[in-house]
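Here is what each chain is made of, one letter per residue.
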Amino acid sequence: MPATLTTVNSITKEIYQGQIQDQLQNEVVGIKRIEKTSRGVTSEVGGKYVTFPIRVRRNPSIGYRAEYEDLQAAGNQGYASVRVGLKYGYGRVEVTGQTMELAKSNYQAFANAMNLEMTGLKNDIAKDVNRIFYGNGTGSLAALTVTATAQTVTCANTQYLEVGQVVDVVNSGGTAVSGWTGLVISAINRSTGVVTFATPPTTRVPVAGDYLVRTGNGNAGSTNKEPTGLGAIINNTGSLFNVDPATEPSWAAIVDANGGTNRSLTEALMIKQTDAVRVNGGNTSLILCGLGVRRAYWNLLSTNRRFITTTEFDGGIKGLAFHNGRDIPVVDDVDCPNNQMKFIDESTLTIYRNADWSWIDTDGNIWKWKIGKDSFEAVLACYWELGTNRRNAHATLNDITEV
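Worth saying up front: this structure is predicted, and the values here are computed from it rather than measured.

1. Quick notes on the overall build of the protein chain
So, point 1. Regarding its fold elements, the protein chain presents 6 helices and 21 strands.
So, point 2. Within the protein chain, buried positions represent 42% of all 403 residues.
So, point 3. Taking contacts inside the protein chain between residues at least 6 apart in sequence as the whole, the part at least 24 apart equals 74%.
So, point 4. Surface summary for the protein chain: the accessible area is close to 21000 Å², and the carbon and sulfur share equals 50%.

2. Re the sheet that holds strand β9 (residues 194-197)
So, point 1. Across the sheet, 6 strands lie side by side as β5-β10-β7-β8-β9-β6; this open sheet has antiparallel pairing. In this open sheet, the two edge strands, each paired with only one partner strand, are β5 (142-143) and β6 (152-154).
So, point 2. Both strand β8 (residues 183-188) and β9 contribute to a ladder of 3 bridges, which runs antiparallel. If you follow I185 over to β9, its bridge partner there is F197.

3. Quick word on unusual backbone geometry
Residues apart from glycine generally show negative phi values, whereas peptide bonds are mostly found in trans.
So, point 1. For F241, which is not a glycine, the phi torsion comes out positive at approximately 55 degrees.
So, point 2. Look at N242: it is not a glycine, yet its phi comes out positive at around 80 degrees.
So, point 3. As for its placement among the helices and strands, N242 is situated in the loop between α4 (230-233) and β11 (254-256).
So, point 4. With a relative accessible area of 60%, N242 lands in the exposed category.

4. Some points on the pairing of strand β14 (residues 318-323)
So, point 1. Looking at chain direction, β14 and strand β15 (residues 327-332) are connected through 4 bridges and run antiparallel. Each bridged residue has a counterpart across the sheet, and for F322 the counterpart in β15 is I328.
So, point 2. As consecutive antiparallel partners, β14 and β15 are separated by 3 residues, and within that stretch G325 has a phi angle of approximately 85 degrees, a positive value.

5. What to know about the nonpolar core
So, point 1. Formed by 65 residues in total, the largest nonpolar core has its most connected members in V153, L161, F197 and L212.
So, point 2. Top element by residues in this core is helix α3 (residues 107-133). It accounts for 10 residues.
So, point 3. Once you skip the residues sitting within four places of it in the chain, L212 turns out to touch G139, S140, L141, A142, L144, V153, C155, L161, V167, D168, V169 and F197.
So, point 4. Counting 21 residues, the second largest nonpolar core, distinct from the first, contains I254, L269, L300 and A395.

6. Considering the pattern of salt bridges
So, point 1. Here the structure, examined in full by the defined rule, presents 12 salt bridges.
So, point 2. E226 is the salt-bridge partner of R131, the closest N and O atoms lying 3.0 Å from each other. Taken together, the residues span a long stretch of sequence, with R131 in helix α3 and E226 in the loop between β10 (211-214) and α4 at a distance of 95 residues.
So, point 3. For R131, a relative accessible area of 6% gives the class buried.
So, point 4. A salt bridge links D332 to R294; the nearest nitrogen and oxygen atoms lie 3.4 Å apart. With D332 in strand β15 and R294 in helix α6 (residues 291-303), this residue pair connects regions lying 38 residues apart in the sequence.
So, point 5. A network of salt bridges, in which partner residues are shared, links D128, R131, R214 and E226.

7. Quick look at a nonpolar patch on the surface
So, point 1. On the surface, Y88, Y90, I360 and Y383 cluster together into a nonpolar patch covering about 380 Å² of accessible area.
So, point 2. Residue position: Y383 is located in strand β20 (residues 375-388).

8. With respect to the side chain of R391
So, point 1. On the secondary structure map, R391 appears in the loop between β20 and β21 (395-397).
So, point 2. Buried R391, no salt bridge; nearest opposite-charge side chain is D244, N-O distance 6.2 Å.
So, point 3. Polar contacts involving the side chain of R391 include one to the main-chain carbonyl oxygen of A232, which spans 2.9 Å.
So, point 4. Polar side-chain contacts of R391 include one of 3.4 Å to the backbone oxygen of W251.

9. Side note on the pairing of β8
So, point 1. Pairing analysis gives 2 bridges linking strand β7 (residues 166-170) to β8, with the strands arranged antiparallel. For V166, the partnering residue across the bridge sits in β8 and is V184.
So, point 2. Counted along the chain from β8 to the antiparallel partner β9, the turn is 5 residues long, and its residue G193 has a positive phi close to 80 degrees.

10. Details of the packing of aromatic side chains
Each aromatic ring pair is described using two quantities: the centre-to-centre distance and the angle formed by the ring planes.
So, point 1. All told, the structure shown has 4 aromatic pairs when counted by the stated rule.
So, point 2. A ring pair is formed by Y90 and Y383, whose centres lie 6.5 Å apart and whose planes are at 70 degrees; its orientation type is edge-to-face. Separated by 293 residues along the polypeptide, Y90 in strand β4 (residues 87-96) and Y383 in strand β20 bring together distant segments of the chain.
So, point 3. By relative accessible area, which is 32% here, Y383 ends up partly exposed.
So, point 4. Here the aromatic cluster, defined as three or more aromatic residues joined through ring pairs, consists of Y88, Y90 and Y383.

11. Describing α6
So, point 1. Compared with the 18 Å implied by 1.5 Å per residue over 13 residues, the 18 Å span of α6 between its first and last C-alpha is a close match.
So, point 2. Those residues of α6 that are buried are in contact with α5 (267-279), β12 (286-289), β14, β15 and β16 (341-344).

Each value, and the rule that gives it
Residue positions are given per chain, counted from 1 along the sequence in the order it is written. Confidence filtering applies because this is a predicted model: local features only for residues at pLDDT of at least 70, side-chain atom pairs given and counted only at 80 or more, and all residues used for totals across whole chains, interfaces and linings. Hydrogens and water molecules were not included; the side-chain quantities draw on all heavy atoms of the structure. The helix count covers DSSP runs of H or I at least four residues long, the strand count covers runs of E at least two residues long, and both are numbered beginning at the N terminus. Only protein chains enter the accessibility calculation, which uses a 1.4 Å probe. A residue is then buried if its area is under 20% of the maximum for its type, exposed if over 50%, and partly exposed in between. Contacts are assigned to residue pairs that have any heavy atoms within 4.5 Å of one another. To measure how exposed things are, a 1.4 Å probe is used in the Shrake-Rupley method; for residues, cover is taken only from the protein chains shown. Here, any two strands with at least 2 DSSP bridges between them count as paired. The term nonpolar core refers to a set of buried residues drawn from Ala, Val, Leu, Ile, Met, Phe, Trp, Tyr and Cys, joined through side-chain atoms within 4.5 Å. The term salt bridge refers to a pairing of a side-chain nitrogen on Lys or Arg with a carboxyl oxygen on Asp or Glu at a separation within 4 Å. Within the patch definition used here, like charges are joined within 9 Å and nonpolar side chains (Val, Leu, Ile, Met, Phe, Trp, Tyr) within 5 Å, considering only residues with over 30% relative accessible area and no salt bridge. As used throughout, the charge tally considers Lys and Arg to be positive and Asp and Glu to be negative, leaving His and the chain termini uncounted. Two N or O atoms count as a polar contact when they lie within 3.5 Å, although within protein this holds only if one can serve as hydrogen donor and the other as acceptor, and sequence-adjacent residues are included solely when both atoms are side-chain atoms. Ring pairs shown here join Phe, Tyr and Trp side chains whose ring centres sit within 6.5 Å, with only the six-membered ring taken for Trp; geometry is labelled stacked below 30 degrees between planes, edge-to-face above 60, and tilted in between. Expected span, for any helix, means 1.5 Å times one less than how many residues it has.

Keep in mind these numbers describe shape, not what the thing actually does.
Have a look at this one:
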């Protein structure tokens, strides 16, 4: 729905003094650590890509021979070609002509309304990008655990859902379930996982294994619409950026899971993950986790009678320290998936993009008249992707009991 005089009146200086109190969680942690260069982005037929070779196998031609014995056959390094395609993100905001009229009668009120809408959209996009950072590229917000009812679905985790979100239910292939698109979430029971929609769908009922996406974000094919996140990068199966660990085993991240059964966090498990990264030639520089896992780690330190304090590390990052030959920051992020720890080698991750999020103004104007309506809209856009040149330098520790 567009912003109207009704929705902005209460926050303009005409009738309301003081600062609006934002009731939404706007914290962004993980993605901010990875923002780097956009060098290497190239235009090709069909879109924009980043391509580069990676070394996946050593030269096997090493050996020892007796005097005058034939030498081993010559060999060479093994390479694979990584191709990272950019994904196209947009955010739209609309205001009515009546709101625009405030520019004539009360410019300050108009400026306040515009600032609220446009700054709010930028903050909302930043929050969603941080959610994407931890995702697998499919756009999944929550997976269904049981067959839906006439107006509700039950989800395994409602972490990324909000009242007012417009979502589609899609099947495991990313195709929207008929009749279950454009649904507005009207209520969420965080304890039971039950999500209620404002209007009940009338066709086929979704089943366990289907999942929710932002409306229109389902892939409905082999190519994901959303950028790749850690959920896909830190995995030991599945092709990533045109390279499959089934044929190139070195292109596999380290995954330690417990079959879906949560277990107590131990330092031994954490040491095992950082050691495995080291064996692969990586260097864990950051451990990301949710609040419940951070509390579990805090309890672990307390149980072992450690002196617990938040430490400021290089780059201004603050977190609890994990020691395995050196101190590694353990940083909590509310958007990190529950029951998991992500062991990151930041030097191998890059956000590829031509430019940061910016307003589309090819005609010199940010605000465009909406044909047939007394309203105007503006669009934020960014073409980007999260890539890695070393998938095996990352690890995940799953199925951790939260506190």
